[in-house]
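Breakdown of the fold
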Amino acid sequence: MAKVSPSILAADFANLERDIHKVSGAAMLHVDVMDGHFVPNISIGVPVVESIRKCTDMFLDVHLMISHPKQYAEQFCKAGADLVCFHLEAEDDVQETIGLIRSCGKKAAVSIKPQTPVEAVYPFVKDLDMVLVMTVEPGFGGQKFMPDMLDKVKALRAYAQNVNPALDIEVDGGINFETAPQAAAAGANVLVAGSCVFGAEEPGKVVEAFTAL
Ligand SMILES: O=C(CO)[C@H](O)[C@H](O)COP(=O)(O)O
């Protein structure tokens, strides 16, 4: 069974509550925070996370695509995130930022961009709840899955077997009916999907299908 984390980046922001309820059967809800600096796009911030928290009990998987995540992580925890994921490339104080998120009583995750070798995250794996292996360049939904990222997922799953066997491995970007099974076979157990879920006639059915992988 996979955990599915529908990305609200592909939802209708004018009808966010309605769209969130369409995917309430998913294990998590993926909330993409972009600052126009770490990535060349701007999405949403703390006030929207607070509002989402008020309209759903879903587990909020908050993906910070921002510079200086240590400076903002606590605000997202207080806004209602259940897990805060930040980019390895965006932070010099990785261990400290993990500790900060944990001290707020939340789960901590680190994400790596496609050009970042998977080995760069190994020193932190024992202290993390999840690693997010980006399968597109972060910044925009609707991009094509990068199949080369599957080798990173396989290597990370093998590495985690010894040091943190409960580690969640999430993939994000271009996940659809063709690529979701490939990612799951490589060892990913958390699937982020935006356009494939919210672009479907029945988003809940897509969530069910991916959960069964
Ligand atoms: O983090 C993201 C982009 O940076 C999105 O979550 C991701 O791209 C999902 O969108 P899609 O499923 O449409 O590819």
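Residues numbered from 1 in each chain as written. Predicted model: local features only at pLDDT ≥ 70, side-chain atom pairs only at ≥ 80, totals over all residues.

As recorded in an unreviewed UniProt entry, the protein goes by Ribulose-phosphate 3-epimerase and comes from Massiliimalia timonensis. UniProt, in the comment section headed Function (unreviewed entry), describes the protein in these words: "Catalyzes the reversible epimerization of D-ribulose 5-phosphate to D-xylulose 5-phosphate." Per UniProt, the protein carries the Catalytic activity (unreviewed entry) text "D-ribulose 5-phosphate = D-xylulose 5-phosphate". (UniProt positions renumbered as here; feature names shortened; annotations may be inferred.)

Comments concerning the overall build of the protein
For the protein, the count of helices and strands is eight helices and eight strands. Computed over its C-alpha atoms, the radius of gyration of the protein comes to 16 Å, within 12% of the 17 Å expected for a compact globule of 213 residues. Considering only C-alpha atoms, the protein reaches an extent of 40 × 35 × 30 Å along its principal axes. Across the 213 residues of the protein, 46% fall into the buried class. Relative to all contacts within the protein whose residues are 6 or more apart in sequence, the contacts with residues 24 or more apart total 60%. (Helix = DSSP H or I, 4+ residues; strand = E, 2+ residues; numbered from the N terminus. Rg over C-alpha atoms; globule rule 2.2 N^0.38 Å. Buried ≥ 20, exposed ≤ 12 C-beta atoms within 10 Å, placed from the backbone. Contact = placed C-beta atoms within 7 Å.)

Focus: helix H5 (residues 149-163)
In this model H5 runs 21 Å from its N-terminal to its C-terminal C-alpha over 15 residues, within 8% of the 21 Å that 1.5 Å per residue would give. Turning to H5, its buried residues are Met149, Leu150, Lys152, Val153, Leu156 and Ala160. Projected onto a plane normal to the axis of H5, the buried residues spread over an arc of 145 degrees and lie on a single side. For H5, the exposed residues set more than 90 degrees away from the buried face come down to Asp151, Ala158, Gln161 and Asn162. Against strand E6 (130-134), strand E7 (168-172) and helix H6 (179-186) lie the buried residues of H5. (Expected span 1.5 Å × (residues − 1). Arc of directions from axis to C-beta.)

Quick notes on unusual backbone geometry
The phi dihedral of His68 falls on the positive side, at around 55 degrees, and the residue is not glycine. The residue His68 is located in the loop between strand E3 (60-65) and helix H3 (69-79) in this model.

Digging into the UniProt feature "active site" (unreviewed entry) in the protein
If you check UniProt for "active site" (unreviewed entry), the listed places come out as Asp32 and Asp172 in our numbering. The greatest C-alpha distance among the annotated residues, which extend across 141 residues, is 10.6 Å, indicating that they converge on a single site. Its place among the elements puts Asp32 in strand E2 (residues 29-34). The exposure class assigned to Asp32 is buried, which follows from the 24 C-beta atoms found within 10 Å. The residues touching Asp32, leaving out its near neighbours within four places in the chain, are Ser7, Leu9, Ser43, His63 and Met65. Owing to 29 C-beta atoms within 10 Å, Asp172 belongs among the buried residues under this scheme. Every residue in contact with Asp172, bar those within four places of it in the chain, is listed here: Leu132, Met134, Thr135 and Val192.

Overview of the nonpolar core
Ranked by internal contacts, the top residues of the largest apolar core, which has 70 residues, are Val62, Val84, Cys85, Val131, Val133, Val153 and Leu191. Not counting residues within four places of it along the chain, the set of residues in contact with Val131 comprises Ala109, Val110, Val121, Val125, Leu156, Leu167 and Ile169. (Core = buried A, V, L, I, M, F, W, Y, C linked by C-beta atoms within 7 Å.)

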